[in-house]
Amino acid sequence: MTDTAGFLLLEREGLPDDLRWLAEKYPREIWQAHANIHGVANMWLQRHDMFRELGGMLTSGIGDLSRR
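A brief report on the enclosed structure follows. Per chain, the residues get numbers from 1 upward, laid out in the order the sequence is written. For a predicted model such as this one, the threshold for reporting local features is a pLDDT of at least 70, and the threshold for listing and counting side-chain atom pairs is 80 or more; totals across whole chains, interfaces and linings nevertheless cover every residue. Hydrogens and waters are ignored; side-chain quantities use all the structure's heavy atoms.

**As for the pattern of salt bridges**
- Salt bridges are defined as contacts in which a side-chain nitrogen from Lys or Arg sits within 4 Å of a carboxyl oxygen from Asp or Glu. All told, the structure shown has three salt bridges when counted by the stated rule.
- A salt bridge links D17 to R20, with the nearest nitrogen and oxygen atoms 2.3 Å apart. Within this pair, D17 and its partner R20 are both found in helix 1 (residues 17-25), separated by three residues, close to a single helical turn.
- Accessibility expressed as a relative area gives 35% for R20, which makes it partly exposed.
- Linking R67 and D64 is a salt bridge whose minimum nitrogen-to-oxygen distance equals 2.7 Å. Secondary structure follows DSSP: runs of H or I at least 4 residues long count as helices, runs of E at least 2 residues long count as strands, and numbering of each begins at the N terminus. Throughout, exposure labels follow a simple rule: accessible area from a 1.4 Å probe, protein chains only, divided by the maximum for the residue type, with under 20% read as buried, over 50% as exposed, and the rest as partly exposed.

**Description of a nonpolar patch on the surface**
- Surface patches are defined over residues having more than 30% relative accessible area and no salt bridge, joining like charges when they lie within 9 Å and nonpolar side chains (Val, Leu, Ile, Met, Phe, Trp, Tyr) when within 5 Å. Calculation of accessible area relied on Shrake-Rupley with a 1.4 Å probe; when residues are assessed, cover is drawn exclusively from the protein chains displayed. On the surface, L15, L19, W21, L22, Y26, I30 and W31 cluster together to form a nonpolar patch covering roughly 620 Å² of accessible area.
- Looking at where L19 falls in the secondary structure, it is placed in helix 1.
- On the basis of relative accessible area, L19 is assigned to the partly exposed category, the value being 37%.

Below you can see the structure in the form of structure tokens.
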């Protein structure tokens, strides 16, 4: 059985230590200038931004519906 403690999104209070270390070492602000940010990595960053935008649109739409 795999230990999932600390990895369940709705139950954790932040990133696990190893991911927090990576986020501190490579902050999002420097990703676009990094030498390895081409091809597939850049495509996934674009998709991630798209999902954030879509999530915001859905949240806004749900809010609009609940105010009617």
